[in-house]
Protein chains: 2
Amino acid sequence: MQSLQAKASEWSGVKQDDAFAIDDTNLFQKLGLETFINLSTNFYTRVYDDEEEWFRSIFANSKKEDAIQNQYEFFVQRMGGPPLYSQRRGHPALIARHRPFPVTHQAAERWLHHMQQALDGTTDIDADSKVRMMNFFRHTAFFLVAGDELKSQNQQPQCKHGTSNQTPCKNF
Amino acid sequence: MQSLQAKASEWSGVKQDDAFAIDDTNLFQKLGLETFINLSTNFYTRVYDDEEEWFRSIFANSKKEDAIQNQYEFFVQRMGGPPLYSQRRGHPALIARHRPFPVTHQAAERWLHHMQQALDGTTDIDADSKVRMMNFFRHTAFFLVAGDELKSQNQQPQCKHGTSNQTPCKNF
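Residues numbered from 1 in each chain as written. Chains lettered and ligands numbered in written order. Predicted model: local features only at pLDDT ≥ 70, side-chain atom pairs only at ≥ 80, totals over all residues. Heavy atoms only, no water.

A. Up close: the packing of helix H4 (residues 33-48) of chain A against helix H9 (residues 105-120) of chain A. Residues and elements named next belong to chain A. The N-to-C vectors of H4 and H9 enclose an angle of 135 degrees; their axes lie 9 Å apart at closest approach. In this view, H4 runs oblique relative to H9, as classed from their interaxial angle. Crossing angle aside, the handedness with which H4 passes H9 is right-handed. In this structure, H4 contributes Leu39, Asn42, Phe43, Arg46 and Val47 to the contact, and H9 contributes Trp111, His114, Met115, Gln117, Ala118 and Leu119. (Axes fitted to C-alpha atoms, helices over the stretch in contact; angles between N-to-C directions. Helix = DSSP H or I, 4+ residues; strand = E, 2+ residues; numbered from the N terminus. Parallel < 35°, antiparallel > 145°, perpendicular 65-115°, else oblique. Left-handed = near helix turned anticlockwise from the far one by under 90°. Contact = heavy atoms within 4.5 Å.)

B. Molecular detail of helix H4 (residues 33-48) of chain B. Counted at 1.5 Å a residue, the expected span for H4 of chain B with its 16 residues is 22 Å, and the 22 Å between its end C-alpha atoms agrees. In this structure, the buried residues of H4 of chain B make contact with helix H3 (27-31), helix H5 (53-56), helix H6 (64-78), helix H9 (105-120) and helix H10 (127-149) of chain B. (Expected span 1.5 Å × (residues − 1).)

C. Empty space enclosed by the protein, seen in detail. Tallied over the full model, the rule gives 1 cavity of 30 Å³ or more. For the largest cavity, the calculated volume is near 210 Å³. Considering the residues around the largest cavity, the lining is formed by 20 residues, among which Ile95, Ala96 and Arg99 of chain A together with Ala96 and Arg99 of chain B are closest to the centre. Elements with a contribution of two residues or more to the lining of the largest cavity: helix H8 (94-97) and helix H10 (127-149) of chain A together with helix H8 (94-97) and H10 of chain B. (1 Å grid on protein atoms, 1.4 Å probe; cavity = no way out; pocket = protein on both sides within 12 Å on 5 of 7 lines; lining within 4 Å. Points joined across faces, edges and corners; volume = space filled by probe spheres on them.)

D. Structural detail: the packing of aromatic side chains. Applying the stated rule across the entire model yields 28 aromatic pairs over all chains. A centroid spacing of 5.6 Å and a plane angle of 75 degrees characterise the contact between Trp54 of chain A and Phe55 of chain A, whose relative ring orientation is edge-to-face. Between the aromatic rings of Tyr48 of chain B and Phe59 of chain B, the centroid separation amounts to 6.2 Å while the plane-to-plane angle is 50 degrees, which identifies the pairing as tilted. With Tyr48 of chain B in helix H4 and Phe59 of chain B in the loop between H5 and H6, the pair connects residues that are 11 residues apart, well separated along the chain. The buried category is assigned to Phe59 of chain B, whose relative accessible area is 13%. (Phe/Tyr/Trp six-rings, centres within 6.5 Å; stacked < 30°, edge-to-face > 60°. Buried < 20%, exposed > 50% of the residue type's maximum accessible area, 1.4 Å probe, protein only.)

E. Geometry of unusual backbone geometry. Residues and elements named next belong to chain B. With phi around 45 degrees, Ala93 is a residue other than glycine that occupies positive phi space. By the element assignment, Ala93 lies in the loop between helix H7 (84-89) and H8. Exposure remark for Ala93: the relative accessible area of 5% places this residue in the buried category. In this structure, Asp124 takes a positive phi of about 70 degrees despite not being glycine. As for its position among the elements, Asp124 is in the loop between H9 and H10.

F. The arrangement of the environment of Asn26 of chain B in detail. Residue and element names in this part refer to chain B. The residue Asn26 is located in the loop between helix H2 (16-19) and H3 in this model. Once the C-alpha coordinates of Asn26 and Lys15 are considered, the two residues, 11 residues apart in sequence, prove to be 20 Å apart. Discounting chain neighbours no more than four positions away, the residues touching Asn26 are Met79 and Gly80. One polar contact links the side chain of Asn26 to the main-chain amide nitrogen of Gln29, over a distance of 2.9 Å. Within the local environment of Asn26, its side chain forms a polar contact with the backbone oxygen of Gly80, the two atoms lying 3.2 Å apart. (Polar contact = N/O pair within 3.5 Å; in protein donor to acceptor, adjacent residues only side chain to side chain.)

G. Main features of the pattern of salt bridges. Within the structure shown, the criterion is met by 18 salt bridges over all chains. A single network of salt bridges, built from pairs that share partners, joins Lys30, Asp126, Asp128 and Arg132 of chain A. (Salt bridge = Lys/Arg side-chain N within 4 Å of Asp/Glu carboxyl O.)

H. Looking closely at the confidence of the model for chain A. Residues of chain A with pLDDT of at least 70 account for 89%, and the chain-wide mean is 91. Per-residue pLDDT stays below 50 along residues 155-172 of chain A; that stretch engages in 44 contacts with residues further than four places along the chain or on separate chains. (pLDDT = per-residue confidence, 0-100.)

I. Just H9 of chain A, in detail. Residue and element names in this part refer to chain A. Relative to the 22 Å expected for 16 residues at 1.5 Å per residue, H9 spans 23 Å between its end C-alpha atoms, a close match to the ideal helical length. Of all the residues in H9, the buried ones are Ala107, Ala108, Arg110, Trp111, Leu112, His114, Met115, Ala118 and Leu119. Looking at the packing, one finds that the buried side of H9 touches H4, helix H5 (53-56), helix H6 (64-78) and H10.

Structure (structure tokens):
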């Protein structure tokens, strides 16, 4: 089975190394907390006002201010800042926490459309940081699409042990 | 629905703050790469030799050296070191990557038994670091048990949008 990260690279068109070039520099130190808060606020303001009802409705059962906080705390933690997300919510567990939502290819593209606009509309984000972040976001969005497809394996039996004719446990 | 992290705290007996006290200090700088490699080597040497066949067999389809590398790279990344895991495999996505395995309460306790022994058998890990790491491991093990139980929700319909009588999308 193709790994989650291989699918993410193939579908996003972003190589693994480029996706995680966010780690070659400390974006939190470069940009600061306020910029991350502004970015997530801009992003979700667009999302909650989206003219595309099918996309907007994905977020309808979450409060906008919670969505903003979850997002910027994760970004801060992942991009070199303090572990704000884990202090409050534990492991990011990105795929599992997106499990309730229909993370399709189309939804990933719509998410990325709004994020590109939000990045462009947030002051104090330099061009190099924008490229790094967009590569990370694009790869991650399709990583989550790959994760979403695991749900379609629901009907498969859980791996079993002890006898050779049962479904073996395989990592991926 | 009770959150993954709330279940983890309840079942592990470790409070969220204690689990993530690994972030109050830089354990990678304190212990060094070699210690993490030794810890994971000690751990999986025990696991692959476990007299309990039901537990040992969970790992039977993974190569021991791969299991060791996946584990110490994640620990190093999560405990203040370079992002070795993400450079090679992308997001940890802990719950999704454990999806093929039967992460039961009993398996969590067995995992923790071996990890406690491995910690005690690895030189150069001071008592304070051991406590922090064990709290983190214990909370994380039961976080994964909570994640494993999401699989039993397989037969539920995916959330839908657009009309009020369909299953709504809820975050957790």
